[in-house]
Amino acid sequence: MANNSSATGMDNLSVFMAVFKERSFRTAAKQLGLSPSTVSEKISALEMSLGVPLFTRSTRSVTATEAGQALAGRIAPLLMEMRAALNDVTSTRQHVRGELKLNVTGAVMVDILPPLLDRFLSQHSQIRVEIMVEDRLVDAIAAGCDAGIRYGEHLAKDVIAVPIGPRIQRLALAAAPAYLESKGAIAHPADLLEHDCIRMKFSSGALVPWRFERQGETINVDPPGYITIGVDGASAAIDLARRGKGVIATFENWLQPYFNSRDLEPVLPQWWQTFEGPWLYFSSRFMSAPLRAFIDFLREEREQDFGASGSASS
């Protein structure tokens, strides 16, 4: 009886974490393969056993109470460690099994992470991957993930981080040839204030900053957005720029195919800001077998890239 009670308690805690992560009973139910009423009953049972409300419910939102936030912070690492232990039991060095859950910024989903995952999964066909894409700054472990991918300025000091993708990236500026012919050349970042600009906005509501550097000089420009699009609509923003609707600033690697095709022209390339590429980060407390395999894969890829570049230079 006690074992059944313990299993029920663990099941309710897993449901609680799903609701906490999704901020929705309905979305959590869909993810867990349960009915919304079952999810609601399990949360109510957990709240009754603890004697405190864990969520504030309204017709539009589900928000964790202070007690709910405290509980999530304590049990998320424990549930992750249990999942890692179960994965390890069913895995061998040659045949890694289990699930790899990543919380990533949308910036790596265009051309950095997909090809890496394709090569990784071709080596580890028994690993399942779940990706949560969001640009809000979140604690990936508290969100129930094995690891996260973010840029260096957003990493906490108490995490372990390994490089993933290109180590150097640039914020590039571009416009269609037809736009530049009709609106005139751009000689200095300050000239952007007089141009139609396509701005992108984070999910937090903040605009992606336009910061430019040249020979030690840094200039921040904040032109009004002729068109403003969320960062998850980056492909649409680039397409609008290709159609001559304005000047866009985004990752150079996203724009390079359109520079090659001459659909877009580089603007002020001598001012493009350079920044460090993304990092895979995780807690030092535990590491699941799938995560360990992914980290080993990334290190092997980097060694191969280094060897290839070394051979080319020699």
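This text goes with the structure placed above it.
The text that follows walks through the structure, step by step, so that each part is easy to find. Bear in mind the structure is a predicted one, so any value in this text is a computation, not a measurement. (Residues numbered from 1 in each chain as written. Predicted model: local features only at pLDDT ≥ 70, side-chain atom pairs only at ≥ 80, totals over all residues. Heavy atoms only, no water.)

## Side note on helix 3 (residues 36-50)
For step 1, the next point in the chain: Given a rise of 1.5 Å per residue, 15 residues ought to cover 21 Å, and the 21 Å separating the end C-alpha atoms of helix 3 matches this to within 8%.
For step 2, the next point in the chain: Regarding helix 3, the residues found buried are Val39, Lys42, Ile43, Leu46 and Glu47. On an axial view of helix 3, the arc spanned by its buried residues comes to 135 degrees, and they lie on one face. Among the exposed residues of helix 3, those pointing more than 90 degrees away from its buried face are Glu41, Met48 and Ser49.
For step 3, the next point in the chain: One or two residues past the end of helix 3 sits Gly51, with phi positive at roughly 80 degrees. (Helix = DSSP H or I, 4+ residues; strand = E, 2+ residues; numbered from the N terminus. Expected span 1.5 Å × (residues − 1). Buried < 20%, exposed > 50% of the residue type's maximum accessible area, 1.4 Å probe, protein only. Arc of directions from axis to C-beta.)

## Notes on the pairing of strand 12 (residues 247-251)
For step 1, the next point in the chain: Among the five residues in strand 12, five count as buried, and that is most of the element.
For step 2, the next point in the chain: The pairing of strand 7 (residues 168-175) with strand 12 spans four bridges and is classified as antiparallel. When the bridges of strand 12 are listed, Leu173 appears paired with Ala249.
For step 3, the next point in the chain: The sheet contact formed by strand 8 (residues 197-201) and strand 12 spans two bridges and is parallel. Looking at the pairing, Cys197 lines up with Val247 of strand 12. (Pairing = 2+ DSSP bridges.)

## Things to note about the layout of surface pockets
For step 1, the next point in the chain: Size it by volume and the largest pocket reaches roughly 1,100 Å³.
For step 2, the next point in the chain: Lining the largest pocket are 42 residues, and of these Ala107, Phe202, Val208, Val231 and Phe251 lie nearest its centre.
For step 3, the next point in the chain: Where the lining of the largest pocket is concerned, the elements lending two or more residues are strand 5 (147-151), strand 8, helix 7 (234-242), strand 12, helix 8 (252-260) and strand 14 (273-276).
For step 4, the next point in the chain: Take the lining of the largest pocket: its biggest share by element is five residues, from helix 7.
For step 5, the next point in the chain: Reported here for the second largest pocket is a volume of approximately 760 Å³.
For step 6, the next point in the chain: Those elements that provide at least two residues to the lining of the second largest pocket are helix 1 (2-22), strand 2 (62-64), helix 4 (66-89) and strand 4 (127-133).
For step 7, the next point in the chain: Looking at which element gives the most residues to the lining of the second largest pocket, the answer is helix 4, with five residues.
For step 8, the next point in the chain: Its residues assigned to classes, the lining of the second largest pocket comprises 19 nonpolar, six polar and eight charged. (1 Å grid on protein atoms, 1.4 Å probe; cavity = no way out; pocket = protein on both sides within 12 Å on 5 of 7 lines; lining within 4 Å. Points joined across faces, edges and corners; volume = space filled by probe spheres on them. Nonpolar A, V, L, I, M, F, W, Y, C, P; charged D, E, K, R; others polar.)

## With respect to unusual backbone geometry
For step 1, the next point in the chain: Phi at Arg23 is positive, roughly 60 degrees, even though this residue is not glycine.
For step 2, the next point in the chain: As for its placement among the helices and strands, Arg23 is situated in the loop between helix 1 and helix 2 (25-32).
For step 3, the next point in the chain: Of note, Leu268 is a non-glycine position whose phi angle comes to about 50 degrees, a positive value.
For step 4, the next point in the chain: Within the secondary structure, Leu268 sits in the loop between strand 13 (265-266) and strand 14.
For step 5, the next point in the chain: According to the relative accessible area criterion, Leu268 is buried, its value standing at 5%.

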